[in-house]
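Coordinate inspection notes
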Amino acid sequence: MAVKIKLKRLGMIRNAQYRIVVADSRTKRDGRAIEEIGLYHPKENPSRIEVNGERAAYWLGVGAQPTEPVLKLLKLTGDWQKFKGEPAPAPLKVAEPAADRHAVYEAAAKEALAGGDTGTTATTPRKSKKKDEAEAVAETPSEGEG
């Protein structure tokens, strides 16, 4: 049985998400897999790539062949270089952890109370219509120009 390490597509239209799977080469792209060894979410910034390096090394060791996209991902994560005995690449860029929304809200509430305001100030400044209209009038050419 020829075994491949390939991508299994998940997600919605225009929001592709993939799982890195080990499957028989004759199965469909999204068909039955022997094992899932990672994730790939290309739409996130930076792209989310997670690979179980031990399982990838095992399957490469027993003869599984990665497809071209999976080979590129394995090279990015350094698992391919580890398997081949080559020096590791530069580390991947990792997304910053998301701020705790509850903590941000609490900090904004404390700041509003400490300021002594009655709560009339907005968190984001409003655009003044008069200022925008004055800029628009200044940008339009007069009749004598041209």
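First things first, this report covers the structure right here in the doc. As the structure is a prediction and not an experimental result, all values here were calculated from the model.

**Regarding the overall build of the chain**
Counting its regular elements, the chain contains five helices and five strands. Along the chain direction, N to C, the helices and strands of the chain fall in the order β-β-β-β-α-β-α-α-α-α. Burial analysis of the chain (146 residues in total) assigns 21% to the buried set. Counted over contacts in the chain with a minimum sequence separation of 6, partners at least 24 positions apart contribute 32%. Summed over its atoms, the accessible surface of the chain is roughly 11,700 Å², and 53% of this surface lies on carbon and sulfur atoms.

**Considerations on the nonpolar core**
Counting residues in each nonpolar core, the largest one holds 18 residues, and the members touching the most others are Ile-5, Ile-20, Ile-37 and Trp-59. Mapped by element, the contributors of at least two residues to this core are strand 1 (3-12), strand 2 (15-24), strand 3 (35-41), helix 1 (53-61) and helix 2 (68-77).

**Details of unusual backbone geometry**
The peptide bond linking Asn-45 to Pro-46 adopts the cis configuration, its omega dihedral lying at -5°. Of note, Arg-14 is a non-glycine position whose phi angle comes to about 60°, a positive value. Mapped onto the elements of the fold, Arg-14 is located in the loop between strand 1 and strand 2. Classification of Arg-14 by relative accessible area gives exposed; the value is 71%.

**Points about the packing of aromatic side chains**
A complete count under the given rule lists three aromatic pairs for this structure. Judged by centre distance (6.0 Å) and plane angle (20°), the rings of Tyr-18 and Tyr-40 are stacked. Taken together, the residues span a long stretch of sequence, with Tyr-18 in strand 2 and Tyr-40 in strand 3 at a distance of 22 residues. Judged by centre distance (5.8 Å) and plane angle (45°), the ring pair of Trp-80 and Phe-83 falls under tilted. Taken together, the positions of Trp-80 and Phe-83, both in helix 3 (residues 79-84) and three residues apart, correspond to about one turn of that helix. Residue class for Trp-80 comes out buried when judged on its relative accessible area of 16%. In this structure Phe-83 comes out as partly exposed when scored by relative accessible area, which is 34%.

**Things to note about the side chain of Gln-81**
With respect to the helices and strands, Gln-81 occurs in helix 3. Owing to a relative accessible area of 11%, Gln-81 belongs among the buried residues under this scheme. Separated by 3.3 Å, the side chain of Gln-81 and the backbone oxygen of Lys-75 make a polar contact. When residues no more than four places from it in sequence are discounted, the contact partners of Gln-81 are Leu-74, Lys-75, Glu-86, Pro-87, Ala-88 and Pro-89.

Conventions used here
- Residues numbered from 1 in each chain as written.
- Predicted model: local features only at pLDDT ≥ 70, side-chain atom pairs only at ≥ 80, totals over all residues.
- Heavy atoms only, no water.
- Helix = DSSP H or I, 4+ residues; strand = E, 2+ residues; numbered from the N terminus.
- Buried < 20%, exposed > 50% of the residue type's maximum accessible area, 1.4 Å probe, protein only.
- Contact = heavy atoms within 4.5 Å.
- Areas by Shrake-Rupley, 256 points an atom, 1.4 Å probe, with all protein chains shown as cover.
- Core = buried A, V, L, I, M, F, W, Y, C linked by side-chain atoms within 4.5 Å.
- Phe/Tyr/Trp six-rings, centres within 6.5 Å; stacked < 30°, edge-to-face > 60°.
- Polar contact = N/O pair within 3.5 Å; in protein donor to acceptor, adjacent residues only side chain to side chain.

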